[in-house]
Amino acid sequence: MNVFKPFRGMSFLVKCRHYGVCGGCQLQHLPYREQVELKVSRLEKLFGFEPHEVYESPRRFYYRNRMDYVVGPGHVVGLKERGKWWRYVDLEECLLMSREADLAKNVFREFIKAEGLEPWDAKAQRGFVRYLVIREGKFTGERMCTVVTFKPMEEGDYRALFSKFLELLEEKGIEVTSLYWGLNPYVTDVSYSFETRLIHGAPLIRERLLGNTYLIGVNSFFQSNPYTAELLVKKAVELLEPDGGKVYDLYCGVGTFSVEIGKHSKVVCVDSESEAIELLRENMRLNDVEGYEALNVKVERLRKLDTDKVLLDPPRSGLHPKAVRLLARSKPKTVVYVSCNPKTQKRDITMLSRAGYKLEHLIFIDQFPQTEHMETIALLRQ
Ligand SMILES: C[S@@+](CC[C@H](N)C(=O)[O-])C[C@H]1O[C@@H](n2cnc3c(N)ncnc32)[C@H](O)[C@@H]1O
């Protein structure tokens, strides 16, 4: 089945009017159960067996806690076209995040038009306003908006400008608990804010998972579907079985797993982003976790893991070959590998099998309904 080709005749299944052109979703033309079955069959093909456990997302739409709406020529505000990095779809609606986020995006379009702000042109590599990034704490109701621009502005200018955006949002009844201006002065097409200024509200937003509170910043990674993230953390920690000994949480981010692990064991948390490590410390304090160590370093720079239990959750690119060698020479008995890219996960597991690891259990949690992305947890043992 070619999942990239929407069935036009099956439009009753397709809820979003931009489906088929927009690069955000690929599977809306399938009933949800079939989306999950398709992903399970892809995992079976990749790993040679079906996942031992499969979990659906309790929410199929409006589940994401982060959207990066790109700005393009003609004051387009939306997402990239399917397969075309240089063309954008002007989204009147997007059903992935929330009604409020959807409205905020449309208010933003009107705002940049009314103010005559020059949109970014990725092909010509010029312009001013580049992204509207919206983040939400689904279980706290908090919302952070960041307007990312290419060029810097004077203090008084950006405050006056973005306060107008805030007023427009308030007029529509959209609550924003943090509003930032962010700067990306590089031509690389990313929504990352290399410099930030808080315009309004609190510097961070909060999310609650499994009774824990997590602080999230402008640039920090956070699992994008909080409705499944609770299960992801619970299942990964259950497989890890922390029992008082030292545990490593590699690629720990702001401590999504570390906080839970830290309730049972001393945890060594490792991440290359200093902002993530700073927030991890805050999150450990907020949740009364004391027995931990935080290392702001690349995993592949570590020399040895003096432990029998490791949890890893690397970015989509998977493990650096040096990180594979680190595991191979440290030989922890249990490795729980969380991944948002089963292809690189499988590649890494194949390399780790040469060091004596066996893939004992595979869990698939559908963190990304309507899209072809997959989240898996693999339990490896020596
Ligand atoms: C998929 S996120 C997982 C974060 C965290 N486990 C969570 O669930 O929120 C990957 C994390 O790896 C970090 N990272 C990327 N490359 C790294 C490296 N080479 N060494 C250590 N951390 C890295 C990123 O900063 C990011 O926080």
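Residues numbered from 1 in each chain as written. Predicted model: local features only at pLDDT ≥ 70, side-chain atom pairs only at ≥ 80, totals over all residues.

Further remarks concern helix 8 (residues 342–353). The terminal C-alpha atoms of helix 8, which comprises 12 residues, lie 16 Å apart, in line with the 16 Å expected from a rise of 1.5 Å per residue. Inspection of helix 8 places Pro342, Gln345, Asp348, Ile349 and Leu352 among the buried residues, and these make up the whole buried set. Projection of helix 8 onto a plane perpendicular to its axis shows the buried side chains occupying an angular sector of 120°, all on one side. (Helix = DSSP H or I, 4+ residues; strand = E, 2+ residues; numbered from the N terminus. Expected span 1.5 Å × (residues − 1). Buried ≥ 20, exposed ≤ 12 C-beta atoms within 10 Å, placed from the backbone. Arc of directions from axis to C-beta.)

With that settled, consider the domain arrangement of the protein. Domain boundaries in the protein define domain 1 (66–203) and domain 2 (225–381). Placing the centre of domain 1 and that of domain 2 at their C-alpha centroids yields a distance of 32 Å. (Domains from an automatic or database assignment.)

With that out of the way, let us pick up the site of the ligand. Contacts to the ligand come from 21 residues, most closely from Tyr251, Gly253, Thr256, Ser272 and Asp313. Partitioned by chemical class, the residues of the shell around the ligand number 11 nonpolar, five polar and five charged. (Near = placed C-beta within 6 Å. Nonpolar A, V, L, I, M, F, W, Y, C, P; charged D, E, K, R; others polar.)

Glancing now at the pairing of strand 16 (residues 358–365). Across three bridges, the pairing between strand 1 (residues 53–55) and strand 16 is parallel. Residue pairing across strands places Glu53 opposite Ile363, the latter belonging to strand 16. When strand 16 meets strand 17 (residues 375–381), the two strands line up antiparallel, connected through seven bridges. Bridge pairing in strand 17 places Lys358 opposite Arg381. (Pairing = 2+ DSSP bridges.)

For the rest of this paragraph, the subject is helix 7 (residues 321–330). Residues Ala323, Val324, Leu326 and Leu327 constitute the buried set of helix 7. Projected down its long axis, helix 7 carries its buried residues within an arc of 155°, all on one side. Of the exposed residues in helix 7, those oriented more than 90 degrees away from the buried face are Pro321, Lys322 and Arg329. Just past helix 7, the residue Lys331 takes up positive phi, approximately 50°.

A separate point is the sheet that holds strand 17. With mixed pairing, the eight strands of this open sheet are ordered in space as 1-16-17-15-14-11-12-13. Single-partner strands in this sheet number two, and they are strand 1 and strand 13 (292–296). Sheet twist, expressed as the average angle between the axes of neighbouring strands with direction ignored, equals 15°. Where strand 14 (residues 309–312) lies against strand 15 (residues 334–339), four bridges are found, and the strand directions are parallel. What sits directly across from Lys309, in strand 15, is Thr334. Across the sheet, helix 8 lies against strand 15, strand 16 and strand 17, angled at about 5° from strand 17, the strand it touches most. (Axes fitted to C-alpha atoms, helices over the stretch in contact; angles between N-to-C directions. Contact = placed C-beta atoms within 7 Å.)

Contact geometry for helix 7 and helix 8: axes closest at 10 Å, N-to-C directions at 35°. The interaxial crossing formed by helix 7 with helix 8 has right-handed handedness. Here helix 7 contributes Val324, Leu327 and Ala328 to the contact with helix 8, which in turn contributes Asp348, Met351 and Leu352. Of the residues belonging to the contact of helix 7 with helix 8, the class tally is five nonpolar, no polar and one charged. (Left-handed = near helix turned anticlockwise from the far one by under 90°.)

Before going further, it helps to spend a moment on the environment of Val259. Structurally, Val259 is set in helix 5 (residues 258–261). Between the alpha carbons of Val259 and Tyr158 there is a distance of 37 Å; along the sequence they are 101 residues apart. What Val259 contacts, discounting residues up to four positions off in sequence, is Asn212, Asn283, Met284, Asn287 and Val289.

Whether parallel or antiparallel, the strands of a sheet pair through hydrogen bonds between backbone atoms. Reading across from one edge, 4-3-2-5-6-7-8 is the order of the seven strands in this open sheet, with mixed pairing throughout. At either margin of the open sheet sits one strand with a lone partner, and together these are strand 4 (84–90) and strand 8 (195–201). Across this sheet, the average inter-strand angle for adjacent strands is 30°, counted without regard to direction. Summarising the sheet, strand 2 (residues 66–72) and strand 5 (residues 129–137) pair through five bridges and their orientation is antiparallel. Paired with Asp68 across the strands is Val133, a residue of strand 5. In the packing of helix 2 (residues 99–114) onto the sheet, the strands contacted are strand 2, strand 3 (76–81), strand 5 and strand 6 (142–149), and the crossing angle to strand 5 comes to about 155°.

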